[in-house]
Amino acid sequence: MLNEIYLPNERALCQWGANLMQAILATPRQQGVVIYLNGDLGAGKTCLSRAMIQSLGYEGRVKSPTYTLVEEYDLAELFVYHFDLYRLADPEELEFMGIRDYFNANTLCLIEWAQQGEGFLPPADLILNLQYREEGRAINCQALSDTGRQILSALGHH
């Protein structure tokens, strides 16, 4: 299942991120949700992650985890782990940081540059490919699990 959404500006991207988070919360799940965020530098991956995290009421600064690899947000509804693997030198580093400990029942893992951690990351429920399109962004959504399909359905993308 692949759906493309055109978002004309950053405000629309942020609103879509908030809607995506509501769809995630509305989806019954037995395990955590894993979303891979793909796209060129500056395509809006961190902006989308920030909008999702802030839509849960988080008021602190949501920064890109480019140098820390992961930022953790302990929110009322769930734990959100925001990964940025752009600077990862070797996927095996993920093993040393205890990557498996992040993927639990009440977690949402947003992973930028997931291809850098290939072989050490669980499969994605959703893959979001962000691209520049005119003044805005296009997001191609691909569901790879029942959970991913339910999230897209709750979001209104069938």
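The structure this text deals with has already been given above.
So, a few notes on the structure that sits alongside this text. Computed from a predicted model, the values in this text were never measured in an experiment.

### Brief notes about the overall build of the protein chain
In terms of regular secondary structure, the protein chain is built from 4 helices and 7 strands. Walking the protein chain from its N terminus toward its C terminus, one meets helices and strands in the order β-α-β-α-β-β-α-β-β-β-α. Its C-alpha atoms give the protein chain a radius of gyration of 14 Å, within 12% of the compact-globule value 15 Å for 158 residues. Taken over the C-alpha atoms alone, the protein chain extends approximately 40 × 35 × 35 Å along its principal axes.

### Things to note about the packing of helix 1 (residues 10-26) against helix 2 (residues 45-54)
Packed helix pairs are characterised by how far apart their axes lie and by the angle those axes make with each other. Across the interface, helix 1 lies against helix 2 with an axial gap of 8 Å and an inter-helix angle of 50°. Our classification of the angle between helix 1 and helix 2 gives oblique. As helix 1 runs across helix 2, the sense of the crossing is right-handed. In contact with E10, L13, C14, W16, G17, L20, M21 and I24 of helix 1, helix 2 contributes C47, L48, A51, M52 and I53. Across the contact of helix 1 with helix 2, the residue classes tally to 11 nonpolar, 1 polar and 1 charged.

### Section: the environment of P123
With respect to the helices, strands and loops of the structure, P123 is situated in the loop between strand 5 (107-112) and strand 6 (126-133). Measuring from C-alpha to C-alpha, the distance between P123 and R133 comes to 28 Å, with 10 residues separating the pair along the chain.

### Things to note about the state of the cysteines
Summed over all chains, the structure comprises 0 disulfides. For the unlinked cysteine C109, the closest cysteine sulfur is that of C141, found at 19 Å. Taking the relative accessible area as the measure of exposure, C109 reaches 0% and is therefore buried. Not part of a disulfide, C141 finds its nearest cysteine sulfur in C47, a span of 15 Å. Given a relative accessible area of 0%, C141 falls into the buried group.

### Examining unusual backbone geometry
Even without a glycine there, the phi angle at W113 is positive, about 60°. Take W113: it is sitting in the loop between strand 5 and strand 6. Residue E134 is not a glycine yet carries a positive backbone phi of 50°. Residue class for E134 comes out exposed when judged on its relative accessible area of 67%.

### With respect to the packing of aromatic side chains
With the rule as written, the count across this model stands at 6 aromatic pairs. On the numbers, 4.8 Å between centres and 85° between planes, the contact of Y81 with Y102 is edge-to-face. Placement of Y81 in strand 4 (residues 79-84) and of Y102 in the loop between helix 3 (93-96) and strand 5 is noted, with a sequence separation of 21 residues between them. One aromatic cluster is present, built from ring pairs that chain together F79, Y81, F83, Y102 and F103.

Criteria and thresholds
- Residues numbered from 1 in each chain as written.
- Predicted model: local features only at pLDDT ≥ 70, side-chain atom pairs only at ≥ 80, totals over all residues.
- Heavy atoms only, no water.
- Helix = DSSP H or I, 4+ residues; strand = E, 2+ residues; numbered from the N terminus.
- Rg over C-alpha atoms; globule rule 2.2 N^0.38 Å.
- Axes fitted to C-alpha atoms, helices over the stretch in contact; angles between N-to-C directions.
- Parallel < 35°, antiparallel > 145°, perpendicular 65-115°, else oblique.
- Left-handed = near helix turned anticlockwise from the far one by under 90°.
- Contact = heavy atoms within 4.5 Å.
- Nonpolar A, V, L, I, M, F, W, Y, C, P; charged D, E, K, R; others polar.
- Disulfide = S-S within 2.5 Å.
- Buried < 20%, exposed > 50% of the residue type's maximum accessible area, 1.4 Å probe, protein only.
- Phe/Tyr/Trp six-rings, centres within 6.5 Å; stacked < 30°, edge-to-face > 60°.

Fair warning: the whole summary comes from geometry, so function is off the table for now.
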